[in-house]
Amino acid sequence: MNESLTLTDAASQTPAAPAKAAKAHLPDAQIVTSVKHWTDRLFSFRVTRPQSLRFRSGEFVMIGLMGDNGKPLLRAYSIASPNWDEALEFYSIKVPDGPLTSKLQHIKVGDEIILRPKPVGTLVHDALLPGKRIWFLATGTGIAPFASLMRDPETYEKYDQVIMMHTCRTADELEYGRQLVENLKADELIGEMVEGKLLYYPTTTREETPHMGRITDNLTSGKVFQDLDLPRMNQAEDRAMVCGSLAFNVDVKAVLESFGLREGANSGPLEYVVEKAFVGEGI
Ligand SMILES: Cc1cc2nc3c(=O)[nH]c(=O)nc-3n(C[C@H](O)[C@H](O)[C@H](O)COP(=O)(O)OP(=O)(O)OC[C@H]3O[C@@H](n4cnc5c(N)ncnc54)[C@H](O)[C@@H]3O)c2cc1C
Ligand SMILES: NC(=O)c1ccc[n+]([C@@H]2O[C@H](COP(=O)([O-])OP(=O)(O)OC[C@H]3O[C@@H](n4cnc5c(N)ncnc54)[C@H](OP(=O)(O)O)[C@@H]3O)[C@@H](O)[C@H]2O)c1
């Protein structure tokens, strides 16, 4: 066991700041404690957690910065850390001319961000009926809610097998998830629980890597079931959570329905749930 690893170290490359590095000035301010840039369009960061904030792994909150007009500029962000973690982690896109992320990408340890402590979302265990296997299906930054759920012991208590399918265009865009899974398996607290249960299936679509192809295609063709030695997805045993672009979500829903799974919600649990990773068609 690598003693320097903790469950949340995937994002911790810059030294952690003291719990409260500076006095907060913004409304609902939290202090940035680490930042890691993964590519020129992806980064992750950790901030202090409000003592009163309770959330279910998989939920999202509104975070942001003060805008030039003196009003908070907020966007929805999935909490990437699990609910037991003392800090909060986020995994973010950098949109070159995006109102928030063109600025947020420059945050440093000790800076303040605004965090509205009202977590919500559909990617929660309560929205699914009990099952044997849970499939986490994500493209791009859509892995963020699953970074939380993969680190939550409840996920492994509820399911015999947890399958993380993550697809990006290129290998470097998979790296946040890859390191997270690697560290998780080596972790002294949850590593044993995860061993043999967490099946990680990363694929790329525009760069040659060992596993290629869109999630929809690998499900429809049956390739992923063959590769992982699993039965074809079915209503009795399989549950799924989906998070990606609108086009991905629409297409993968059709695939899940073809296997007999039905969309559930907090108010009416069924076999799968969906959340948008972002609003809009593309950068
Ligand atoms: C429920 C929910 C959860 C979200 N969770 C996250 C998260 O964990 N991490 C994250 O980076 N974003 C997340 N987003 C998107 C986020 O709210 C912002 O859109 C993003 O931070 C960009 O903000 P912006 O102001 O710079 O640009 P915006 O004006 O908000 O977006 C500009 C354009 O950039 C594209 N875009 C925005 N976000 C993304 C993205 N994540 N991946 C690819 N293209 C994108 C879209 O085409 C959008 O129209 C989430 C959105 C929703 C609805
Ligand atoms: N990723 C980059 O290097 C990059 C760089 C600059 C700008 N952008 C822009 O940023 C925006 C978001 O890019 P992104 O790469 O984060 O997200 P994305 O375009 O949604 O692609 C992410 C992954 O999802 C797959 N995918 C897309 N639509 C799908 C669908 N309907 N069904 C199944 N799989 C689907 C893609 O496969 P395919 O490759 O087969 O589409 C890709 O592997 C895009 O508009 C893009 O133009 C991206």
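Quick look at the structure, then. (Residues numbered from 1 in each chain as written. Chains lettered and ligands numbered in written order. Predicted model: local features only at pLDDT ≥ 70, side-chain atom pairs only at ≥ 80, totals over all residues.)

A short note on the overall build of the protein chain
Counting secondary structure elements, the protein chain contains eight helices and eleven strands. Here the protein chain holds 283 residues, and 42% of them are scored as buried. A separation threshold of at least 6 residues defines the contact pool for the protein chain, and within that pool the share at least 24 residues apart is 71%. (Helix = DSSP H or I, 4+ residues; strand = E, 2+ residues; numbered from the N terminus. Buried ≥ 20, exposed ≤ 12 C-beta atoms within 10 Å, placed from the backbone. Contact = placed C-beta atoms within 7 Å.)

With respect to the site of ligand 1
By nearness alone, 26 residues border ligand 1, and Gly 98, Leu 100, Thr 101, Phe 278 and Gly 280 come closest of all. Elements with a minimum of two residues in the shell around ligand 1: β4 (72-78), β5 (87-93), α1 (101-104) and β11 (272-276). Looking at the shell around ligand 1, the element that brings in the most residues is β4, giving four residues. Considering only residue class, the shell around ligand 1 consists of 13 nonpolar, nine polar and four charged. Each of domain 1 (9-120) and domain 2 (125-276) gives at least three residues to the shell around ligand 1. (Near = placed C-beta within 6 Å. Nonpolar A, V, L, I, M, F, W, Y, C, P; charged D, E, K, R; others polar. Domains from an automatic or database assignment.)

Points about the pairing of strand β9 (residues 198-204)
In summary, the side chains of a regular strand alternate between the two faces of the sheet. Extensive coverage of β9 is indicated by the burial of five of its seven residues. In this sheet, β9 lies alongside strand β8 (residues 161-168) in parallel orientation, the contact comprising seven bridges. The residue of β9 that forms the bridge with Cys 168 is Thr 204. (Pairing = 2+ DSSP bridges.)

Side note on the sheet that holds strand β3 (residues 60-66)
Pairing is antiparallel across the open sheet formed by six strands, whose spatial order is β4-β3-β6-β1-β2-β5. Of all strands in the sheet, those bounded by a partner on one side alone are β4 and β5. If you compare each strand with its neighbour and ignore which way they point, the axes differ by 35° on average. (Axes fitted to C-alpha atoms, helices over the stretch in contact; angles between N-to-C directions.)

Digging into the sheet that holds β8
Judged by pairing direction, the sheet is parallel, and its five strands sit side by side in the order β9-β8-β7-β10-β11 without closing on themselves. Of all strands in the sheet, those bounded by a partner on one side alone are β9 and β11. Across the sheet, the mean angle separating the axes of adjacent strands is 10° when strand polarity is ignored. Sheet analysis places strand β10 (residues 238-244) next to β11, joined by five bridges and oriented parallel. Considered in β11, the bridge of Ala 240 is made with Tyr 272.

Regarding the pairing of β5
By the criterion of burial, β5 is predominantly enclosed, with five of the seven residues buried. Judged from the seven bridges that link them, strand β2 (residues 42-48) and β5 form a sheet pairing that is antiparallel. Its bridge partner being in β5, Leu 42 is matched across the sheet by Ile 93.

Quick notes on the nonpolar core
Grouped together as the largest cluster of nonpolar side chains are 65 residues, with contacts concentrated most on Phe 136, Leu 137 and Met 164. Here this core gathers at least three residues from each of two domains, domain 1 (9-120) and domain 2 (125-276). Excluding residues that lie within four positions of it along the chain, Phe 136 makes contacts with Phe 146, Leu 149, Ile 163, Met 164, Met 165 and Met 241. (Core = buried A, V, L, I, M, F, W, Y, C linked by C-beta atoms within 7 Å.)

Focus on the environment of Arg 41
Inspection of the secondary structure puts Arg 41 in the loop between β1 (29-39) and β2. Under the C-beta neighbour-count criterion, Arg 41 is labelled partly exposed, with 18 such atoms within 10 Å. Once the C-alpha coordinates of Arg 41 and Val 95 are considered, the two residues, 54 residues apart in sequence, prove to be 7.1 Å apart. Those residues in contact with Arg 41, other than ones at most four positions away along the chain, are Ile 93 and Lys 94.

Digging into the environment of Glu 275
Tracing the chain through its elements places Glu 275 in strand β11. The exposure class assigned to Glu 275 is buried, which follows from the 20 C-beta atoms found within 10 Å. Taking C-alpha positions, Glu 275 is 8.1 Å from Met 241, a pair spaced 34 residues apart along the chain. Other than its neighbours up to four places away in sequence, Glu 275 contacts Gly 121, Thr 122, Leu 123, Pro 145 and Cys 243.

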